Amino acid sequence: MNYAFSDKVSGLQASAIREILKFCAFPDIISFAAGNPAPEAFPTDVIGKLSAELLQNDPVLALQYNITEGYTPLRDTLKTMMAAKNCFDADKDELIITSGAQQGNELSCKVLCDEGDTLITESPSFIGSLNAFRSYHVNLVGVEMEEDGIHLGKLEDALKNAKKAKLIYLIPNFQNPTGRTMSLEKRKAVYQLAQKYDAIILEDNPYGDLRFAGEDIPPIKSMDTDGRVIYTGTFSKVLAPGLRVGYVSAPKEIVQKIIVCKQVSDVHTNIWAQVICDNFLKTVDFDAHIAGLRDIYRHKCALMLDGMEQHFSKQITWTRPEGGLFIWGTLPAGSDMMGFCSRAVQEYKIAVVPGTAFTISESDVTTSFRLNFSTPKDEQIVRGIEILGGLTKTMFGE
């Protein structure tokens, strides 16, 4: 039978990451292609204990329907945490729990963008959000990045020339896929451009707590004086992604529309998981927990960077992230990046993600690829980078 898919999904393609991950099922593959937190970072004992207590003491709470806005105690806890960062104003803002930050990003686009409106994003950017935006048939415009974040001049050109520029989607901290961090000066300038051209900023911050070098930089949301920043956060990188608990802090009018859209999407986010997150925040030294995560990722990132410095061809360049999960490698100009990624997984048994997975347009040209250091074990990082380095020297010389 021939199926006639809707216009909203007919043009969507499977993520290149998922296609490469198929190779990772083979036991001899070392994968740097995932985007998962380190398994050793999961507080499994604490989550098990909290779950057992919840199901024994208040099972109906965990198993019954709840309100779309989310578990009220967790929302109150998050409001307090966000207010401490100047990212929540009780008079102007509201907070809703979502099924991961991904849903928050998707619903933000849904409530603000009509078909044909322009959504501006960093290029490259996170494939999950890009596909969500594409499903609403927005005019997706990519703006290239510099080492300290999005190119301001080209961002202004995009805002000036675009038809109905509604949203600017940004991942300021340890961006996926590049690992770059937007400077404070650039965050202020981006906000001023949003004011000048009357656009709304969608600030996606899944990795902000995972800073293991340098100094914290205030979120763009903390600079918001006129209600034009939507902030999405998540427990996926600080507790466990399987919980699927994220949140949105945004002006009340926007959150009210997100609530209505979420009601027709999934009614509410998993209540058991929300209660676990709230109880974790209230019973565990969260600062100490975050410090432990930072130690894990500081070590893993350094291990990968040291190996790249030792084994990679000098023709290859890469970012040096101050946090997060990713390193962005770049081959010499004109290189066959897809050929490199294919040889890496098929001949050398090392999986990396081709940069084309994160481009905004099919016509965009990139010679970059993404490496993940959080998921593999230490010995896999050491061995895998040495093997991959051998391929870089074979293809590009010492």
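Going by the structure above, here's the rest.
All chains use their own residue numbering, which begins from 1 and follows the written sequence. Only residues with pLDDT of at least 70 are given local features in this predicted model, and only at 80 or more are side-chain atom pairs given and counted; all residues enter the totals for whole chains, interfaces and linings. Processing note: side-chain calculations cover all non-hydrogen atoms of the structure and skip hydrogens and water entirely.

Caption draft 1: Structural context of the sheet that holds strand 13 (residues 353–354). Strand order in this open sheet of four strands is 10-11-14-13, and the pairing throughout is antiparallel. The sheet is open, and its two edges are formed by strand 10 (317–318) and strand 13, each paired on a single side. Pairing of strand 11 (residues 326–330) with strand 14 (residues 368–372), which is carried by five bridges, proceeds in the antiparallel orientation. By the bridge assignment, F326 is partnered in strand 14 with N372. What makes two residues a contact is simply this: any of their non-hydrogen atoms within 4.5 Å. Under this scheme, a helix contributes an axis fitted over its contacting stretch, all axes are lines through C-alpha atoms, and angles between N-to-C directions fall in the 0 to 180 degree range. Put simply, DSSP marks the helices as runs of H or I at least four residues long and the strands as runs of E at least two long, and each gets a number from the N terminus on. Most of the contacts of helix 12 (residues 286–311) go to strand 11, to which it runs at about 15 degrees, and overall it touches strand 10, strand 11 and strand 14. For two strands to be treated as a pair, DSSP must find at least two bridges joining them.

Caption draft 2: Region of the structure containing the sheet that holds strand 2 (residues 93–98). Strands sit in the order 2-9-8-7-6-3-4-5 across an open sheet of eight strands; the sheet is mixed. The sheet is open, and its two edges are formed by strand 2 and strand 5 (149–150), each paired on a single side. Note that strand 4 (residues 139–146) and strand 5 share two bridges and pair antiparallel. For E146, the partnering residue across the bridge sits in strand 5 and is G149. Of the strands in this sheet, strand 3 (118–123), strand 4, strand 5 and strand 6 (165–170) touch helix 8 (residues 152–161), which is tilted by about 165 degrees from strand 4.

Caption draft 3: Spotlight on the pairing of strand 4. With six bridges joining them, strand 3 and strand 4 adopt parallel strand pairing. Bridge assignment links T121 to a residue of strand 4, and that residue is G142. In this region the chain leaves strand 3, passes through helix 7 (residues 127–134) and returns to the parallel neighbour strand 4; the handedness of that crossover is right-handed. If the strands point away from the viewer and the path from the first strand over the helix to the second runs clockwise, then the crossover is right-handed.

Caption draft 4: Structural detail: the side chain of T269. By the element assignment, T269 lies in the loop between helix 10 (252–263) and helix 11 (271–283). For the purposes of these results, a polar contact is taken to be a pair of N or O atoms within 3.5 Å, where, inside protein, one atom must be able to donate a hydrogen and its partner to accept one; residues adjacent in sequence count only when each atom of the pair is a side-chain atom. A polar contact of 3.3 Å, which involves the side chain of T269, links it to the backbone oxygen of T98. Apart from residues no more than four positions distant in its own chain, T269 is found in contact with I97, T98, S99, Q103, R244, V245, K262 and Q274.

Caption draft 5: Summary view of a nonpolar patch on the surface. Distance thresholds for patches are 9 Å for like charges and 5 Å for nonpolar side chains (Val, Leu, Ile, Met, Phe, Trp, Tyr), applied to residues having over 30% relative accessible area and no salt bridge. Surface accessibility in these figures is a Shrake-Rupley result with a 1.4 Å probe; residues are shielded only by whichever protein chains are displayed. When a carboxyl oxygen of Asp or Glu is within 4 Å of a side-chain nitrogen of Lys or Arg, the pair counts as a salt bridge. Residues M1, Y3, F5 and V9 make up a contiguous nonpolar surface patch of about 550 Å² in total accessible area. Along the chain, the position of F5 falls in the segment before helix 1 (7–10).

Caption draft 6: Spotlight on the packing of aromatic side chains. Within 6.5 Å between ring centres, the rings of Phe, Tyr and Trp (the latter by its six-membered ring) count as paired, and their orientation is classed by plane angle as stacked under 30 degrees, edge-to-face over 60, tilted in between. Per the stated rule, a full pass over the model turns up nine aromatic pairs. Taking the centre distance of 5.0 Å and the plane angle of 45 degrees together, the rings of F340 and F369 count as tilted. Highlighted residues: F340 in helix 13 (residues 337–346) and F369 in strand 14, separated in sequence by 29 residues. Across the pair, F369 and F340 agree in class, each one buried. Here the aromatic residues F340, F369 and F396 are joined through ring pairs into a cluster of three or more. Type-normalised accessible area, obtained with a 1.4 Å probe on protein chains alone, sets the label of each residue: buried when under 20%, exposed when over 50%, and partly exposed for intermediate values.

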